[in-house]
Amino acid sequence: GQQLNQSPQSMFIQEGEDVSMNCTSSSIFNTWLWYKQDPGEGPVLLIALYKAGELTSNGRLTAQFGITRKDSFLNISASIPSDVGIYFCAGQGTNAGNMLTFGGGTRLMVKP
Amino acid sequence: SQTIHQWPATLVQPVGSPLSLECTVEGTSNPNLYWYRQAAGRGLQLLFYSVGIGQISSEVPQNLSASRPQDRQFILSSKKLLLSDSGFYLCAWGSTDTQYFGPGTRLTVL
């Protein structure tokens, strides 16, 4: 099925550094979602974006819905060890069942 | 508030044995329900979704099946497990523009 291109696939950073990851698609989406998954757990919704150009923050996290509706990015400022995990983007277009298309994930590792 | 439950949390089954994973949602009515599988270190693969009781759509043909006997109950089944069925199974419920995931079931087929 359709895939979102999410990059980078993995990042290894020092605590305190800022992080940026993004997703691109060849198709237009009406909604962009960002999730974080800790090992052995289900993904948790971090930020939801519903409007092209929208910039939304959740604590140290900031995400934007690209103006073309084909991309989105997530920034994490001043990373801390508990930011470790896999971050997934997901886009929703117009389809029966409101299905999501997921990116392949960005694995974030933070060195204390 | 809404809550989603999955059980069991972990399961080890021999090849050829049957499977039944259960997912229940609390605090919402007539949700869309979804089953995903996640291989180790990989992304999420949508297996089935349901927009109502008894309504199941399959995204990936395989030896798994799903059923929705009640509004807030979603079951994933198999008559005979394969080694390739091992993975992390996630249930999710959705509104019109978001999905919320359960804690998952780790299935190991030996």
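In the block above lies the structure referred to throughout.
Summarised in this report is the structure supplied together with it. (Residues numbered from 1 in each chain as written. Chains lettered and ligands numbered in written order. Predicted model: local features only at pLDDT ≥ 70, side-chain atom pairs only at ≥ 80, totals over all residues. Heavy atoms only, no water.)

1. Describing the overall build of chain A
When helices and strands are tallied, chain A shows 0 helices and 11 strands. Helices and strands in chain A line up, N terminus first, as β-β-β-β-β-β-β-β-β-β-β. A compact globule built from 112 residues would reach a C-alpha radius of gyration of about 13 Å, and chain A, at 13 Å, matches this within 12%. By the burial criterion, 45% of the 112 residues in chain A qualify as buried. Restricting to contacts in chain A with at least 6 residues of sequence separation, those with at least 24 account for 54%. Counting only carbon and sulfur atoms, one obtains 51% of the accessible surface of chain A, whose full area is about 5200 Å². Charged side chains of chain A number 7 positive and 8 negative; the gap between the two group centres comes to 7 Å. (Helix = DSSP H or I, 4+ residues; strand = E, 2+ residues; numbered from the N terminus. Rg over C-alpha atoms; globule rule 2.2 N^0.38 Å. Buried < 20%, exposed > 50% of the residue type's maximum accessible area, 1.4 Å probe, protein only. Contact = heavy atoms within 4.5 Å. Areas by Shrake-Rupley, 256 points an atom, 1.4 Å probe, with all protein chains shown as cover. Lys, Arg positive; Asp, Glu negative; His and termini not counted. Charge placed at Lys NZ, Arg CZ, Asp CG, Glu CD.)

2. A word on the pairing of strand β5 (residues 44–49) of chain A
All names here are of chain A. By the bridge criterion, 5 bridges tie strand β4 (residues 31–37) to β5 in an arrangement that is antiparallel. If you follow Lys36 over to β5, its bridge partner there is Val44. Hairpin connection, β4 to β5: the antiparallel pair is bridged by 6 residues, and Gly40 has positive phi, about 75°. (Pairing = 2+ DSSP bridges.)

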